[in-house]
Amino acid sequence: MKFKLPAGTQVIELKGYTLLPGLIEGHSHLFLHPYNETSWDNQVLKESRAERTARATEHARATLMAGFTTVRDLGTEGSMYDDVGLKTAIQKGVVPGPRMICATRAIVARGAYGPRPESSDLSLPQGAAEVGNSDEMTNEVRTQISKGADVIKIYADYRTGSGHEPTATFSIEEIAAAVKIANSGGREVVCHATTAEGMRRAILAGASTIEHGDHGTEEVFKLMKEKSVAFCPTLAAINAYEQYNGWKKGIDPEPKTVTDKRNSFQLALKVGVIICMGGDVGVFTHGDNAREMEMMVEYGMKPIDVLRSSTSINADAFGYGDKIGRIKKDLYADIIAVEGDPSSDIKNVRKTKFVMKDGVPYKQ
Ligand SMILES: [Zn+2]
C-alpha cells in the first residue's frame, strides 16, 4: 500500500533489525534494588524515601533503555504512593522511564508481612498496607484508588507469626470485597500466592493474575485456565534469591525452591494457563528484565511464545490490550528494534538498538 508521508516526517531506517512492540515487564518493583546490595529489611527500614525515589528514577531509565516501555509495578514496599509521583514525573517528561501501571502499596493481612521485629514487644514500619477484615480491605482499596493506584495487589498468602511455611492469609470473601470495589473502578486485583490454597482463594475471589504460584497443583492450574486467570511465574526472582543465599548455580545441587518453581511453571504450561512475563525485577537488577524471558525459554517455552507473553499477552491480561502490546493503528507507538531475531534466540532481546515510547525515540 502506498501512502503519502506528511511534510517533515522523520524516516528511521532499521534495516537488519527486528521490530517489536515495546516490551512489557509484568512484575517489577522500581523502588527496590537487589537484595545482595542491601537486604529488603534494610531498604524498607533504613533508606529514606528520597534515596529510594532517586534510585527508582535511575531504575526507570534503565528499564526503558532495555526496551521495556511499560511496567506493571506491584508495590512500593514501604515507599507509600511514590510510584504514582514517579509515573507523573515520567509522564511530564521530567525523567525518562516506562509507562507505569502502579499498585501503590500492596495489601496484606495484619501481622502477615515484614519487616518482622525480633521481639513481640516491638512494632516496625511495614512494607505494605495492613488490613484486618473486609471493611478495612474496602477502605484501603478506595484509598489506594484515590491516591492513583491503577491495579490492586493483595498478598493471598504469606508466612505469619513464628511459622516459616506460608499459609493463606485472607478469606475468599475478604479478597472478593477488594475485587468488587476495584473492578467497579475499572481496576484489576492481582494476588501474590505461592500456596495452592492461597491461589485457589484468589482465583475464586476474582483475581486477574496470580503472582509466583510456586506450589500450584494441576487442580488449581485447571481452575485458572477455566476462569482465564493469568499466571505470572517470576522464575528469575527465586534463582536470584538462592544465589544471594550462596547457591552456586551449575556447581551446587539445585535448591528445592528452584526445582519446585520449574515444576509449577511446566505444569501451568502443560495445562494451558495464560502465561505472563514478569520477573519480580528489583530482586535482581533493573534493566536486566530479559533474564526472566531467558529462563522461560530454558524451562521449555518457545521464544516466540515468550515474546507474545512479554507484549500482547501481558497487555491483554492487565487490561491494556487496546493501548499497548501490539504494533497496530490507534495503539500507542511503543516500538523497539533489536539486532538479530529474538524468535530464534531469545538472547537477542538484549541487543536493543532503538526504543520509542508514544512516538518519541529515547534510544537510536
Ligand atoms: Zn514482587
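Residues numbered from 1 in each chain as written. Predicted model: local features only at pLDDT ≥ 70, side-chain atom pairs only at ≥ 80, totals over all residues. Heavy atoms only, no water.

Engineer: I keep staring at the nonpolar core and nothing clicks. Help me out?
Structural biologist: A general trend in soluble globular proteins is that nonpolar side chains are found buried together. Counting 76 residues, the largest nonpolar core has Ile 152, Ile 154, Cys 191, Ile 210, Phe 221, Met 224 and Met 293 as the members making the most contacts within it. With residues up to four places along the chain from it excluded, the contact list for Ile 210 reads Cys 191, Ala 193, Met 199, Ala 202, Ile 203, Met 224, Val 229, Ala 230, Phe 231 and Cys 232. Ranked by size, the runner-up nonpolar core spans 13 residues in total, among them Ile 101, Ala 103, Ala 230 and Ala 315. (Core = buried A, V, L, I, M, F, W, Y, C linked by side-chain atoms within 4.5 Å. Buried < 20%, exposed > 50% of the residue type's maximum accessible area, 1.4 Å probe, protein only. Contact = heavy atoms within 4.5 Å.)

Engineer: Explain the coordination of the zinc ion here, please?
Structural biologist: Tetrahedral coordination by four donors puts the ideal angle at the metal at 109.5 degrees, and octahedral coordination by six puts it at 90 or 180 degrees. Donor atoms from the polypeptide that coordinate the zinc ion comprise His 27 (NE2), His 29 (NE2) and Asp 280 (OD), at 2.1 to 2.3 Å from the metal. Taken in sequence order, the residues that donate to the zinc ion follow the motif H-x1-H-x250-D. Accessibility classification places His 27 together with His 29 in one group, the buried group. (Donors = N, O, S within 2.8 Å, 3.2 Å for Na, K, Ca; no water.)

Engineer: How should I be thinking about a nonpolar patch on the surface in this particular structure?
Structural biologist: There is a patch of nonpolar side chains on the surface, built from Phe 3, Leu 5 and Val 11 and spanning about 350 Å² of accessible area. In this fold, Leu 5 is placed in the segment before strand 1 (17–21). (Patch = residues over 30% accessible without salt bridge, like charges linked within 9 Å, V, L, I, M, F, W, Y side chains within 5 Å. Areas by Shrake-Rupley, 256 points an atom, 1.4 Å probe, with all protein chains shown as cover. Salt bridge = Lys/Arg side-chain N within 4 Å of Asp/Glu carboxyl O. Helix = DSSP H or I, 4+ residues; strand = E, 2+ residues; numbered from the N terminus.)

Engineer: Teacher, can you tell me more about the side chain of Ser 312 here?
Structural biologist: Turning to its location among the elements, Ser 312 is positioned in helix 11 (residues 303–317). For Ser 312, a relative accessible area of 14% translates into the label buried. Setting aside anything within four residues of it in sequence, one finds Ser 312 in contact with Gly 325 and Arg 326.

Engineer: Please clarify how helix 5 (residues 172–184) should be interpreted in this entry.
Structural biologist: Helical geometry: 3.6 residues make up each α-helical turn, so side chains three or four residues apart lie on a common side. Spanning 13 residues, helix 5 covers 18 Å between terminal C-alpha atoms, matching the ideal 18 Å at 1.5 Å per step. Turning to helix 5, its buried residues number three or more, namely Glu 174, Ile 175, Ala 177, Ala 178, Val 179, Ile 181 and Ala 182. Along its buried surface, helix 5 packs onto helix 4 (134–147), strand 7 (151–155), strand 10 (188–193) and helix 6 (196–205). Gly 186 lies just past helix 5 and shows a positive phi near 75°. (Expected span 1.5 Å × (residues − 1).)

Engineer: Would you explain the sheet that holds strand 14 (residues 352–357) in this entry?
Structural biologist: If you walk across this open sheet you meet the four strands as 1-13-14-15, and the pairing is antiparallel. In the strand order of this sheet, the two ends are held by strand 1 and strand 15 (360–363), each with one partner. Strand-to-strand twist across the sheet, computed as the mean angle between neighbouring axes with direction ignored, equals 20°. Summarising the sheet, strand 1 and strand 13 (residues 335–339) pair through five bridges and their orientation is antiparallel. Residue Pro 21 lies in a different strand from strand 13, and its bridge partner there is Ile 335. (Pairing = 2+ DSSP bridges. Axes fitted to C-alpha atoms, helices over the stretch in contact; angles between N-to-C directions.)

Engineer: Is there a simple way to think about unusual backbone geometry in this case?
Structural biologist: As a rule of thumb, non-glycine residues mostly have phi less than zero, and peptide bonds are mostly trans rather than cis. Here the amide bond leading from Gly 114 into Pro 115 is cis, since omega sits at -5°, within 30 degrees of zero. Inspection of the secondary structure puts Pro 115 in the loop between strand 5 (107–109) and strand 6 (129–131). Phi is positive for Glu 77, which is not a glycine, with a value near 50°. Assessed through its relative accessible area of 3%, Glu 77 is described here as buried. One non-glycine residue with positive phi stands out, namely Asp 280, at about 65°. On the secondary structure map, Asp 280 appears in the loop between helix 9 (256–271) and helix 10 (290–298).

Engineer: Which parts of the structure should I look at to understand the packing of aromatic side chains?
Structural biologist: Between two aromatic rings, the relevant description is the distance of the centres plus the angle of the planes. The full count for this structure, using the stated rule, is seven aromatic pairs. For the ring pair Trp 40 and Tyr 113, a centre distance of 5.5 Å and an interplane angle of 80° mean the geometry is edge-to-face. Here Tyr 113 lies in the loop between strand 5 and strand 6 and Trp 40 lies in helix 1 (residues 40–46), a separation of 73 residues in the sequence. Assigned by exposure class, Trp 40 and Tyr 113 land together as buried. Of the aromatic side chains, those joined through ring pairs into one cluster are Trp 40, Tyr 113, Tyr 155 and Tyr 158. One Lys or Arg, Arg 99, reaches over the ring of Tyr 332 and ends 3.9 Å from the middle of that ring. (Phe/Tyr/Trp six-rings, centres within 6.5 Å; stacked < 30°, edge-to-face > 60°. Lys NZ or Arg CZ within 6 Å of the ring centre and 35° of its normal.)

Any functional reading would require information beyond the geometric quantities listed.
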